[in-house]
Amino acid sequence: MYRTHNCGALRLSDANKEVTLSGWVDATRAFGPMTFVDLRDRYGITQIVFENNEVLNKKATGLGREFVIKVKGLVRERTAKNPNRATGDIEIVAQELEILNVSKTPPFTIKDDTDGGDDLRMKYRYLDLRRAAVQKNLFFRSQVAIEVRKYLSGEGFIEVETPNLIKSTPEGARDFVVPSRMNAGQFYALPQSPQTFKQLLMVSGFDKYFQIVKCFRDEDLRADRQPEFTQIDCEMAFVTQEDILNTFEGLTKHVFKTALGIDLPTFPRMTYDEAMKLYGSDKPDIRFGMSFVELNDVTQNKGFSVFDSAELVVGICAKGVATAYTNKILSELTDWVKRPQIGAKGLVYIKFEEDGTIKSPISKFYSEEDLQAIGARFGAQKGDVLFILSGETDKTRKQLNELRLELGSRMGLRNPAEFKPLWVVDFPLLEWDEETQRFYAMHHPFTSPKREQIPSMLNGDHETMKNLRADAYDLVLNGVEIGGGSIRIYDRDLQSKNFKLLGMTEEEAEAKFGFLLGAFEYGAPPHGGIAFGFDRLCAVMSGSNSIRDFIAFPKNNQGRDVMIDAPSVIDDKQLEELNIAVTIEA
Ligand code: ASP
């Protein structure tokens, strides 16, 4: 028998029991004739004492960090208790010690505040995963997954697995492809999402589907992206947008309640247009205010050519920072918005000092009354600072969004323990791209326009297409998109029209999506769905902005798994079998 208890189980009430524990040596301390060993497993740490037994004691002094041992002994009340540990009232007086396995000295300490750098920890991820701080995240993830399954199965959803080897139909991101040995020169693709399959399941009549599923996207990796990630993927038939929002608001609330003990209030809703106008983002962080105020009418025609020539003049009000935001900080913020990542040409501020004076670099163009009038738009008071950007509408909004988030962080207004979800609804159906002179699907090609706009979509002109709105929605939490979906097209003609608008010829559409168009001819029900980014949901719920911490074996920024060293070259024989030509350059 390896253990009667785990290393987190024993309490004062267990005193005098004879127990056996197994685990890893977290630390050893020699103390005169006594040796203390902290024994660790996933459940906790228990202190073992070796005393009055020279042979045992000697063996204990030879234990290294991360040795795997089994100890038999007697539970005893500790004289010096450790209130920071669940087992801190007791210790085990060892009677037997067995070394189950030895360990090399680990390359970093297995502690919450480890001394290991990122790269080293990823290379030895199995050791990193021994740390309680990392284990905690995976336990949390598992708990959230269980609660998702409980809730959805309670609502009558069926979990169905869809294939991982599918057909390449790149639309959004690039596909990862897999060569087929049995079909020379042909390739499967790994799914970017089970989108078309879940729609087919609705055609088949499953009515309510979900799947916690891996998705693969060959994108250039940004900080918070992984080439393979997990979705909670869902689809329902005979539903309107309203039904979907209610069902998945329910899911989100259930998960918050059961995994965090938090009751979320009813989720507010905001249209895409409103979100862009008020926050310059389709995923606004509404934990804090500072919404945009447009200022064209009060700032133009006063002789300030930068504002006069701008399509949009727009600002935000930072409350109570006038004293703290010295000239040095203001010029730092100006440099910050001028960085190429943000791309603003400059930053105008108006400072309402505590002493009632107003300071602004544009005061030569604007009288005190003008500046007061601008301030009044924000309800600005003494102590507040306005920040104003100007230029082309979309760009300026994006830049001000970045500045708003930066100020929100600097001002401590983005508390990770506070949760403010919202639905962003009424996304545009299509996005026109000047450069390539074509439309792109804002969500994906299967999204339906609003029901009342279907006739305009079938018959309208170019301008009409630009203004189509979709029954598409995102669930946003603390400025992070954690879910998104739409009501789908379920009519062959409308779907064909959409493919055509997206620049596909009829032949291309047939070759890529003939199966779906065909299915729509056999009684496809109205349907719609949503997918949550599961890794991200876990991260945001934990107040973390790193999804990697919630993935057992993540990839690094170059898309590499540095532990197993993948991707890697494969040998010529494998390539040959796969009918992939080997070219060796001299
Ligand atoms: N398949 C979509 C996505 O991956 C989600 C959906 O529309 O249900 O974003």
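For the structure, check the block above.
One structure accompanies this document, and this report is about it.

Criteria and cut-off values
- Residues numbered from 1 in each chain as written.
- Predicted model: local features only at pLDDT ≥ 70, side-chain atom pairs only at ≥ 80, totals over all residues.
- Heavy atoms only, no water.
- Near = heavy atom within 4 Å.
- Polar contact = N/O pair within 3.5 Å; in protein donor to acceptor, adjacent residues only side chain to side chain.
- Areas by Shrake-Rupley, 256 points an atom, 1.4 Å probe, with all protein chains shown as cover.
- Helix = DSSP H or I, 4+ residues; strand = E, 2+ residues; numbered from the N terminus.
- Salt bridge = Lys/Arg side-chain N within 4 Å of Asp/Glu carboxyl O.
- Buried < 20%, exposed > 50% of the residue type's maximum accessible area, 1.4 Å probe, protein only.
- Contact = heavy atoms within 4.5 Å.
- Axes fitted to C-alpha atoms, helices over the stretch in contact; angles between N-to-C directions.
- Parallel < 35°, antiparallel > 145°, perpendicular 65-115°, else oblique.
- Left-handed = near helix turned anticlockwise from the far one by under 90°.
- Nonpolar A, V, L, I, M, F, W, Y, C, P; charged D, E, K, R; others polar.
- Pairing = 2+ DSSP bridges.

## Points about the site of the ligand
Okay, so step 1: Close contacts around the ligand come from 13 residues, with Q195, K198, H443, H444 and R488 the closest.
Okay, so step 2: The side chain of Q231 places a nitrogen or oxygen atom 2.9 Å from an oxygen atom of the ligand.
Okay, so step 3: One of the backbone N or O atoms of I530 is found 3.5 Å from an oxygen atom in the ligand.
Okay, so step 4: Burial of the ligand by the protein chains amounts to 89% of its free accessible area of 270 Å².
Okay, so step 5: Put simply, the parts of the chain that give the shell around the ligand at least two residues each are α5 (195–203), β21 (480–487) and β22 (527–533).
Okay, so step 6: Among the elements that take part in the shell around the ligand, β22 stands out by supplying three residues, more than any other.

## Focus: the pattern of salt bridges
Okay, so step 1: Scanning the model with the defined rule gives 50 salt bridges in all.
Okay, so step 2: Residues E219 and R225 are paired through a salt bridge, measuring 3.5 Å at the closest nitrogen-oxygen approach.
Okay, so step 3: Salt-bridge contacts for R414 lead to D285; the nearest nitrogen and oxygen are separated by 2.9 Å. Here R414 is found in the loop between α12 (393–410) and β17 (421–425), whereas its partner D285 is found in the loop between α7 (272–279) and β12 (293–294), with 129 residues between them in sequence.
Okay, so step 4: Its relative accessible area of 27% is what places R414 among the partly exposed residues.
Okay, so step 5: The class of D285 is buried, set by a relative accessible area of 1%.

## Quick look at the side chain of H444
Okay, so step 1: Along the chain, H444 turns up in the loop between β19 (438–441) and α13 (454–459).
Okay, so step 2: For H444, a relative accessible area of 15% gives the class buried.
Okay, so step 3: Among the polar contacts made by the side chain of H444, one reaches the side chain of R488 at a distance of 3.3 Å.
Okay, so step 4: For H444, the contacting residues outside a window of four places in its chain are Q195, S486 and R488.

## Considering the packing of helix α4 (residues 132–154) against helix α6 (residues 241–260)
Okay, so step 1: One way to put it is that α4 packs onto α6 with a least axis distance of 9 Å and a crossing angle of 135°. Overall, the two elements α4 and α6 adopt an arrangement that is oblique. The interaxial crossing formed by α4 with α6 has right-handed handedness. For the pair α4 and α6, contact is made by F140, Q143, V144, E147, V148, Y151 and L152 and by T247, F248, G250, L251, H254, V255, T258, A259 and L260, respectively.
Okay, so step 2: Taken together, the residues that form the contact of α4 with α6 break down as 10 nonpolar, five polar and one charged.

## What about the pairing of strand β14 (residues 348–352)?
Okay, so step 1: Counting buried positions over the five residues of β14 gives five, a clear majority of the element.
Okay, so step 2: Side-chain alternation along β14 places V348, I350 and F352 on one buried face and Y349 and K351 on a second face that is also buried.
Okay, so step 3: Pairing analysis gives four bridges linking β14 to strand β16 (residues 385–391), with the strands arranged antiparallel. Of the residues in β16, the one forming a bridge with I350 is L386.
Okay, so step 4: In terms of strand pairing, β14 meets strand β15 (residues 358–359) through two bridges, oriented antiparallel.

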